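Residue-level structural notes
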Amino acid sequence: MTTPSASANGPPHSPIERIALLRLAVAALVFAGSAAAAIVAVGGGLTTTLMASVLTAVGVTLGYLLGRRDGPTPRAVRLLLFKVADELAQYRAFTRLLRDQGERITDSTNGAAIAIATGLKEMDSNLDRMRTTIDRATAGEDSELKALVDAVEAPVITLLGQLQFQDLTQQQIGFLVRLSLIVDQHMIDLAQRLGDRRSMDRIENFKEMFNKALDDCVMTSQRDDHHAAAGLDLHEARGPKVELF
Amino acid sequence: MPSTILLVDDSATILMSMEAILHKAGFTVAKAACAEDAITQLNGGLKPHLIITDIHMPGMSGIDLIRKVRTMPGLQFLPILVVTTESQQAKRDEARAAKATGWLVKPVQPDDLLKVVRQILPNG
């Protein structure tokens, strides 16, 4: 993982620092040129040297002030920003872990649900065969054994219907994964911008990113949870579970 | 002859679960794991009496599948049920506009599913 701290100890090469140094150099050159002109104009040895020194010093000071106005961030602050950026980058390990665990839950529940569904279908099929065999053996008469087969078979369809939980769980975990990606992206943006305090304003506000995630909420329960997390006491109408148009 | 129902869902669990419920109730079931596969089967000669489709699927969505089916010869009036976790009214309206027949929110209880299917296919 690349973090901004990698460049923390290197020479100051950020664009702002380069601009500040350039301004300083230009100012120094301008005033050095003025000093040279003064030499020609005044012509005196000591006076000329003194004037040149003073003008050069003024030029360097002015250049430094111009550069400092919005130039390099003090080293201590820069190191602190890099440290924060480094910490932010490490938080991404947690969001990554969250996603990986979510995928594992989805995979394991999917495998288990399919195995259960396959077993239930097999059981149902065998019970049908058993009923046919009993019918044949008892010449179609009702028997205690047949009633027992019916009783065993009765919950199978309900259980198969309950297996839809896996699809719903998968979608809920999928939503959490997408939310974690939003957090991730925001942390990347913050980490990248920490070295450039003027560009902080350009980072999308996390609240705006979070609000956009509402578009990704397909279930009413998800939307209600999102509203609650956003501090809104809002509950959306659920609508009928079954509707023929 | 039992009616044929085409199930379209990217979830293997949903396909297995609904197939078992419908098969047990006496329907013939065809399955497709995506909208594109469903279209291929329809183009290949499958003539279902009802399509039951999810909305959120990789690739073509269930709504787009409905729109596509409505343009296919002889399928303009084929009943199509949407079964989805989606519960926003806007999506329902979109499905209605695409000429879906009905809307069911997951999880669907087997009795509810069979009741609706039998309402649409009374001779099924």
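Residues numbered from 1 in each chain as written. Chains lettered and ligands numbered in written order. Predicted model: local features only at pLDDT ≥ 70, side-chain atom pairs only at ≥ 80, totals over all residues.

1. Some points on the overall build of chain A
When you go through chain A residue by residue, the secondary structure sums to seven helices and one strand. Ordering the α and β elements of chain A from the N terminus gives α-α-α-α-α-α-α-β. Residue pairs in contact within chain A that sit at least 24 positions apart in sequence constitute 72% of those at least 6 positions apart. (Helix = DSSP H or I, 4+ residues; strand = E, 2+ residues; numbered from the N terminus. Contact = placed C-beta atoms within 7 Å.)

2. Brief notes about the interface of chain A and chain B
The partner chain B presents 30 residues to the 28 residues of chain A that form the contact. Secondary-structure elements contributing two or more residues to the side of chain A that touches chain B are helix 3 (75–137), helix 4 (144–162), helix 5 (165–193) and strand 1 (242–244) of chain A. Looking at the side of chain A that touches chain B element by element, the count peaks at seven residues for helix 3 of chain A. When its residues are assigned to classes, the side of chain A that touches chain B shows 14 nonpolar, eight polar and six charged. Strand direction decides the pairing type here: strand 1 of chain A and strand 5 (residues 102–105) of chain B, joined by three bridges, are antiparallel. Looking at strand 5 of chain B, one finds that valine 242 of chain A is bridged to leucine 104 of chain B. (Nonpolar A, V, L, I, M, F, W, Y, C, P; charged D, E, K, R; others polar. Pairing = 2+ DSSP bridges.)

3. Looking at the confidence of the model for chain A
Residues and elements named next belong to chain A. When pLDDT is averaged along chain A, the result is 76; 68% of the residues meet or exceed 70. Mean pLDDT across the secondary structure elements of chain A bottoms out at helix 2 (residues 45–69), with 62, and peaks at helix 4, with 90. When the criterion is pLDDT under 50, residues 1–12 qualifies, and its contacts beyond four places in sequence or with other chains add up to 18 contacts. (pLDDT = per-residue confidence, 0-100.)

4. Let's talk about unusual backbone geometry
Following lysine 106 of chain B, the chain continues into proline 107 of chain B via a peptide bond in cis, with omega recorded as -5 degrees. Mapped onto the elements, proline 107 of chain B comes out in the loop between strand 5 and helix 5 (110–120).

5. A closer look at the packing of helix 3 of chain A against helix 1 (residues 12–24) of chain B
Where helix 3 of chain A contacts helix 1 of chain B, the axes come no closer than 9 Å and their chain directions differ by 15 degrees. As summarised for this structure, helix 3 of chain A and helix 1 of chain B are arranged roughly parallel, according to the angle between their axes. For the element pair helix 3 of chain A and helix 1 of chain B, the recorded crossing hand is left-handed. Between helix 3 of chain A, through Asn110, Ala113, Ile114, Ala117, Leu120, Lys121 and Asp124 of chain A, and helix 1 of chain B, the contact on the second element is made entirely by Ala12, Thr13, Met16, Ser17, Ala20 and Lys24 of chain B. Residues of the contact of helix 3 of chain A with helix 1 of chain B, tallied by class, amount to seven nonpolar, three polar and three charged. (Axes fitted to C-alpha atoms, helices over the stretch in contact; angles between N-to-C directions. Parallel < 35°, antiparallel > 145°, perpendicular 65-115°, else oblique. Left-handed = near helix turned anticlockwise from the far one by under 90°.)

6. Some remarks on the pairing of strand 2 (residues 28–32) of chain B
Side-chain direction in a regular strand flips from residue to residue, so the side chains alternate between the two faces of the sheet. All names here are of chain B. Pairing of strand 1 (residues 4–8) with strand 2 involves five bridges; the strand directions are parallel. Within strand 2, the position partnered with threonine 4 by the bridge is threonine 28. Between strand 1 and its parallel partner strand 2, the chain crosses via helix 1, and the hand of that crossover is right-handed. (Right-handed = clockwise from strand over helix to strand, strands pointing away.)

7. Notes on helix 5 of chain A
Between its first and last C-alpha atoms helix 5 of chain A spans 42 Å; for 29 residues at 1.5 Å apiece the expected length is 42 Å, and the two agree. Looking only at helix 5 of chain A, the buried set comprises Gln166, Asp167, Gln170 and Ala191 of chain A. Elements in contact with the buried residues of helix 5 of chain A: helix 3 of chain A together with helix 1 of chain B. (Expected span 1.5 Å × (residues − 1). Buried ≥ 20, exposed ≤ 12 C-beta atoms within 10 Å, placed from the backbone.)

8. Brief notes about the pairing of strand 5 of chain B
All names here are of chain B. Neither face of strand 5 is exposed, since Gly102 and Leu104 on one face and Trp103 and Val105 on the opposite face are all buried. Bridge analysis of strand 4 (residues 80–84) against strand 5 gives four bridges, and the strand direction is parallel. Bridging from a neighbouring strand, valine 82 pairs with tryptophan 103 of strand 5. The parallel pair strand 4 and strand 5, bridged by helix 4 (residues 89–97), forms a crossover whose chirality is right-handed.

9. Some remarks on the environment of glycine 161 of chain A
Of note, glycine 161 of chain A is situated in helix 4. Sequence spacing of glycine 161 of chain A and alanine 117 of chain A is 44 residues, and the spatial spacing of their C-alpha atoms is 9.5 Å. Residues in contact with glycine 161 of chain A, not counting those within four places in the same chain, are Ser17, Ile21, Pro107, Gln109 and Pro110 of chain B.

10. Section: the environment of alanine 30 of chain B
Residue and element names in this part refer to chain B. Inspection of the secondary structure assignment puts alanine 30 in strand 2. Judged by the 17 C-beta atoms lying within 10 Å of it, alanine 30 is partly exposed. Between the C-alpha atom of alanine 30 and that of isoleucine 5, which follows or precedes it by 25 residues, the distance is 6.1 Å. Once you skip the residues sitting within four places of it in the chain, alanine 30 turns out to touch Thr4, Leu6, Gln41, Leu46 and Pro48.

11. What to know about the sheet that holds strand 4 of chain B
Across the sheet, six strands lie side by side as 1(A)-5(B)-4(B)-3(B)-1(B)-2(B); this open sheet has mixed pairing. Each having just a single partner strand, strand 1 of chain A together with strand 2 of chain B make up the two edges of the open sheet. The sheet shows a mean angle of 20 degrees between the axes of neighbouring strands, direction not considered. Across the sheet, helix 3 (residues 62–70) of chain B touches strand 1, strand 3 (50–53) and strand 4 of chain B, and the angle it forms with strand 4 of chain B is around 175 degrees.

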